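Given next are the chains, with one letter for each unit.
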Amino acid sequence: MLISRKNSYLISLIISGVLLIHCGNSSEGARGNNGGKLIPAVEAVKSDFGSLPLSERFSGLVRAKNQVEIYPEISAAIMKVYVENGDTVSKGQSLVQLRDNRYREQFKQAQAGYRIAVAQVSQARAKLGKLQSDLKRVKAMTEKNLSSPSELEEIQSETASAEADLALANARVEQAQATIDEYEEALSRTVIRAPVAGTVGDRDAEIGMYVNSGTRLFSLGQLDTVRVEIILTDRMLNYIETGQSAEIMVDDQVFGAVPAKLTRISPFLHPVTHSTDAEIEIANPGHVLRPGMFVSVDVYYGESEQATLVPLSALYENPISGVTGIYITQDSLKGEVVEVKEDNERIALTTPASFEFVPIEVIARGRTTAGIAGIERASG
């Protein structure tokens, strides 16, 4: 049975008996029949025997599934904002409209340039067609000695030049089409759309703002499923692997630990810190886990050897010698129910007992319990 002193450093393990004792600091209850001498008030708890789950505790960061930051791809002023924080959007939905006057005008000019290039192609093709007809006629006349060889050479040269002009005109059409595509793409970027479906947050977009490619407008992600990111050292990779059980704890939340599995581990280590990233993907009903939240994560990777199990509060490190141990007693603890006036609580008090400090070795530590060596197994 274990004794942990209230408001003091005294903690004791009783290895006989099963009585749970809890005493306050009441002078009336503590003095008892001891001639007015103050007796330390302690709590007695029975030890156990078994193994502890081996675990590592991490600080995790919650991120939404497919979480992305939304930035504009062009520089312009914001004309309209279509969404607010907390809105759910679908992929491709409009989020922001940027001023598009300049881009629309550039697009129109590109379209006009394309039409001019197409007209030049028609003109070059017509000229080539006439020259090819003339060339055919002159060849026939030359064969009948009705035309001189120099006239044939001249018409052949003009035809070749016209063919080159048509090829150049066709190239200009392709160039004009590329310019149209470029300005059409730029015009489309004046409407910022959701790259994925999800929930909008971190809105930093207001009408009239002038933004550029470095201005973050929103965060976007899917909250029904979240990822908890933790960092593993190279040493931990020897015993921590994907598929192992984990628990996620959130401070100031009443729902307790959330069971999960270690989903994935990056195979690449940082060249300086020799650490890597691991992720736990977990369903998030009610959106209790929020992106950006820090949580505690326990990853379980095995069990300790069999040992005597005591609460962590029973461990006491001597401030002088630095030796870790516990306080034990062989005395029988028999209590009676009394009433403490401070909080009107009815508790069991025992007569004074003697304790002995016993050095121990901590084999494993759990969240609230330690496995120790150095004392016998508690009797039942």
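Residues numbered from 1 in each chain as written. Predicted model: local features only at pLDDT ≥ 70, side-chain atom pairs only at ≥ 80, totals over all residues. Heavy atoms only, no water.

Draft legend 1. Representation of the side chain of N284 in the model. Inspection of the secondary structure puts N284 in the loop between β16 (275–283) and β17 (294–303). Of note is the side chain of N284, whose polar atom sits 3.2 Å from the backbone nitrogen of V288. Apart from the residues lying within four places of it in its own chain, the contact partners of N284 are L223, D224, T225, V226 and L289. (Helix = DSSP H or I, 4+ residues; strand = E, 2+ residues; numbered from the N terminus. Polar contact = N/O pair within 3.5 Å; in protein donor to acceptor, adjacent residues only side chain to side chain. Contact = heavy atoms within 4.5 Å.)

Draft legend 2. Expanded view of the nonpolar core. In this structure, I78, L95, V96, L98, L217 and F218 are the most contacted members of the largest nonpolar core, which totals 25 residues. Sorting the residues of this core by element identifies β6 (76–81), β8 (94–98), α2 (101–143), α3 (149–188) and β12 (218–233) as the ones contributing at least two each. In this structure, V96 is in contact with I78, K80, V81, Y82, T190, V191, I192, A205, L217 and F218, ignoring residues within four places of it in sequence. Within the second largest apolar cluster, 22 residues are counted, among which are I230, M236, A278 and I280. (Core = buried A, V, L, I, M, F, W, Y, C linked by side-chain atoms within 4.5 Å. Buried < 20%, exposed > 50% of the residue type's maximum accessible area, 1.4 Å probe, protein only.)

Draft legend 3. Layout of the packing of aromatic side chains. Under the criterion given, the structure shown has 4 aromatic pairs. Ring centres 4.5 Å apart and planes at 45 degrees place the aromatic pair Y239 and Y301 in the tilted group. Residue Y239 is located in the loop between β12 and β13 (245–249), and its partner Y301 is located in strand β17; the two are separated by 62 residues in the primary sequence. Y239 gets classed as partly exposed once you look at its relative accessible area, which sits at 22%. Taken together, Y316, Y327 and F357 form an aromatic cluster joined through their ring pairs. A cation over a ring is seen here: R102 above Y103, with NZ or CZ 4.5 Å from the ring centre. (Phe/Tyr/Trp six-rings, centres within 6.5 Å; stacked < 30°, edge-to-face > 60°. Lys NZ or Arg CZ within 6 Å of the ring centre and 35° of its normal.)

Draft legend 4. Structural context of α2. End to end, α2 covers 63 Å across 43 residues, agreeing with the expected 63 Å (1.5 Å per residue, within 8%). Within α2, the full set of buried residues consists of Y103, F107, A110, A117, V121, A124, L128, L131, D134, L135, V138 and T142. Among the structural elements, α3 are those in contact with the buried residues of α2. Positive backbone phi, at 60 degrees, marks N145, one or two positions downstream of α2. (Expected span 1.5 Å × (residues − 1).)

Draft legend 5. How the structure looks around α3. Helix length check: α3 (40 residues) gives 59 Å between terminal C-alpha atoms against 58 Å at 1.5 Å per residue, within 8%. The set of residues buried in α3 consists of L152, I155, T159, A162, L166, A169, V173, A176, I180, A186 and L187. Where α3 is buried, its residues contact α2 and β9 (191–193).

Draft legend 6. Expanded view of the environment of Y103. With respect to the helices and strands, Y103 occurs in helix α2. Sequence-wise, Y103 and A186 are 83 residues apart; in three dimensions their C-alpha atoms are separated by 6.5 Å. Discounting residues that sit within four places of it in the chain, Y103 has contacts with I74, S75, A186, L187 and T190.

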